[in-house]
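Residues per chain are reported as follows:
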Amino acid sequence: MRIRFQRPYCNWSHGGVLASLLPQEFISAGKPKEACDMYMHNQDWDAAMRIAERYDPTMVSDILVAQARVAAERKQWLPAEVRA
């Protein structure tokens, strides 16, 4: 039996015990972008890239831009230039 999940519930459990299960649930539901968004929100760029490269290559550029933007906001210029 597959558990159906709702977006608000996922947001609520985002930082809890179920957080490790959510990416696979998003992917199983055909929503890899949601899994990438979750990782991007936590600035877990490597995990976001793994999901994007495997399930939704169109997200790769969004992840790189978000990563560069965060580096620039922190005035980490070299990572921002390399990522952009």
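Look above for the structure.
Predicted, not measured: the structure shown is a model, and the values here were computed from it. (Residues numbered from 1 in each chain as written. Predicted model: local features only at pLDDT ≥ 70, side-chain atom pairs only at ≥ 80, totals over all residues. Heavy atoms only, no water.)

What is the right way to look at the packing of helix H3 (residues 32-41) against helix H4 (residues 45-55) in this model?
When two helices pack together, their arrangement is captured by the angle between the axes and the distance separating the axes. Remark: H3 packs on H4, axes separated minimally by 8 Å, with the N-to-C direction vectors making an angle of 165°. One finds that H3 runs roughly antiparallel with respect to H4. Judged by the sense of rotation from one axis to the other, the crossing of H3 with H4 is left-handed. Between H3 and H4, the residues in contact are Pro32, Ala35, Cys36, Tyr39 and Met40 and Trp45, Ala47, Ala48, Ile51, Ala52 and Tyr55, respectively. Here the residues of the contact of H3 with H4 sort into 11 nonpolar, no polar and no charged. (Axes fitted to C-alpha atoms, helices over the stretch in contact; angles between N-to-C directions. Helix = DSSP H or I, 4+ residues; strand = E, 2+ residues; numbered from the N terminus. Parallel < 35°, antiparallel > 145°, perpendicular 65-115°, else oblique. Left-handed = near helix turned anticlockwise from the far one by under 90°. Contact = heavy atoms within 4.5 Å. Nonpolar A, V, L, I, M, F, W, Y, C, P; charged D, E, K, R; others polar.)

For this particular structure, what's the right way to read the environment of Tyr55?
Relative to the helices and strands, Tyr55 is located in helix H4. Remark: the alpha-carbon pair of Tyr55 and Pro32, spanning 23 residues in sequence, is separated by 6.2 Å. In contact with Tyr55, other than residues within four places in its own chain, are Ile27 and Pro32.

What is shown is where atoms sit, not what they do.
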